[in-house]
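# Fold and geometry: a report
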Amino acid sequence: MKAAVITFPGSNCDRDLATAFEQAGYEVARIWHKDSELPQGVDVVGVPGGFSHGDYLRCGAIAARAPVMDAVRAHAARGGYVLGICNGFQILTESGLLPGALMRNTGLKYICRTIGLTVTAESAFTAGYKVGQQIALPIAHHDGNFQADAETLARLKGEGRVAFTYTDNPNGAAEDIAGLLSENRRVLGMMPHPERAADPRLGNTDGQAMFRALAGALALA
């Protein structure tokens, strides 16, 4: 399995994400935001957390217009997998790969702690969990408040595209949404950080199943 992890100016979880992929058996390529192509044969693209371009406009808005994102959109259009975490989730919404927007937390404060999640959808990303299972992953964001219009929210729920919900909503996200899938279920954006919970030395391995499950799906493809 081949993964590509993108680095933008201000990314701070790109190395963590690459390591999580490597430990699950992927061959990982590191990609710069100004690159215009992805490596040949890439199965999954990782869009990491951080503060791309300092979040000086809207979170992820500048990164969404980076040259590499044209290649990511083309990869997704071909049915390739994309995983966007935290700022990566924001970039995916700004890129049009996922609906909705990530707004300021309702408390207007940066939140950094481990939080409970409920797995709420079946997909290659969540195949290592059971629907209804509760897990714990770290969050670290100021703009994690997912919002969309009522029609979009109803469609997302009706199509089973809400991948994770918060057990105790920390940021005001509509319908407690913590993670969201694309229509073909091959693009996942999520605010919590599974890559920060993928190694026993970090004191939490609840995120490990995501990387291993996706590897298993790719191996069978």
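Residues numbered from 1 in each chain as written. Predicted model: local features only at pLDDT ≥ 70, side-chain atom pairs only at ≥ 80, totals over all residues. Heavy atoms only, no water.

## A word on the nonpolar core
Ranked by internal contacts, the top residues of the largest apolar core, which has 70 residues, are L83 and F164. The residues contacting L83, other than those within four sequence positions of it, are L17, F21, V44, V45, G46, V47, F125, L188, M190, M210 and F211. (Core = buried A, V, L, I, M, F, W, Y, C linked by side-chain atoms within 4.5 Å. Buried < 20%, exposed > 50% of the residue type's maximum accessible area, 1.4 Å probe, protein only. Contact = heavy atoms within 4.5 Å.)

## What about the UniProt feature "active site" (unreviewed entry) in the protein?
Here, UniProt's "active site" (unreviewed entry) annotation points to C86, H193 and E195. Of the residues just listed, which span 110 residues, no C-alpha pair is farther apart than 11.0 Å, and they cluster in one region. In this structure, C86 sits in the loop between β4 (81-85) and α3 (87-94). Sequence-distant contacts of C86, that is, excluding residues within four places in its chain, are made with G49, A140, H141, M190, M191 and H193. One can find E195 in the loop between β11 (187-190) and α5 (208-220). Residue classification places E195 among the buried residues on the basis of a relative accessible area of 4%. (UniProt positions renumbered as here; feature names shortened; annotations may be inferred. Helix = DSSP H or I, 4+ residues; strand = E, 2+ residues; numbered from the N terminus.)

## Considering helix α1 (residues 14-23)
Every buried residue of α1 is listed here: D14, L17, A18, A20 and F21. Buried residues along α1 cover an arc of 160 degrees about the axis, so they all sit on one side. Among the structural elements, β1 (2-7), β2 (27-32), β3 (44-47), β4 and α5 are those in contact with the buried residues of α1. The first or second residue beyond α1 is G25, which carries a positive phi of 100 degrees. (Arc of directions from axis to C-beta.)

## Looking at the pattern of salt bridges
For the coordinates displayed, the defined rule picks out 7 salt bridges. Notably, a salt bridge pairs R58 with E94, separated by 2.8 Å at the nearest N-O pair. Remark: E94 occurs in helix α3 and R58 occurs in the loop between β3 and α2 (67-77); sequence separation between them is 36 residues. Its relative accessible area of 44% is what places R58 among the partly exposed residues. Taking the relative accessible area as the measure of exposure, E94 reaches 23% and is therefore partly exposed. The shortest N-O distance in the salt bridge between R104 and D143 comes to 3.0 Å. (Salt bridge = Lys/Arg side-chain N within 4 Å of Asp/Glu carboxyl O.)

## Describing α5
When the terminal C-alpha atoms of α5 are compared, their 19 Å separation across 13 residues agrees well with the 18 Å that a helix rising 1.5 Å per residue should span. If you check which residues of α5 are buried, you get Q208, M210, F211, A213, L214, A215 and L218. Residues of α5 that are buried in the fold lie against α1, β3, β4, β9 (162-166) and β11. (Expected span 1.5 Å × (residues − 1).)

## Considerations on the side chain of S182
Mapped onto the elements, S182 comes out in the loop between β10 (177-181) and β11. A distance of 2.7 Å separates a polar atom in the side chain of S182 from a polar atom in the side chain of N184. Among all residues touching S182, those that are not within four sequence positions of it are L97, L98, R161 and V187. (Polar contact = N/O pair within 3.5 Å; in protein donor to acceptor, adjacent residues only side chain to side chain.)

## Some details on a nonpolar patch on the surface
Together, Y56, L57 and I62 line one region of the surface with nonpolar side chains, adding up to about 380 Å² of accessible area. Looking at the element boundaries, I62 is found in the loop between β3 and α2. Residue I62 is classed as partly exposed on the basis of its relative accessible area, which comes to 34%. (Patch = residues over 30% accessible without salt bridge, like charges linked within 9 Å, V, L, I, M, F, W, Y side chains within 5 Å. Areas by Shrake-Rupley, 256 points an atom, 1.4 Å probe, with all protein chains shown as cover.)

## Here we look at the environment of C59
Among the structural elements, C59 can be located in the loop between β3 and α2. C59 gets classed as buried once you look at its relative accessible area, which sits at 13%. Distance from C59 to G158, taken between C-alpha atoms, is 28 Å for residues 99 residues apart in sequence. The contacts of C59, once residues within four sequence positions are left out, are N87, Q90, E94 and D143.

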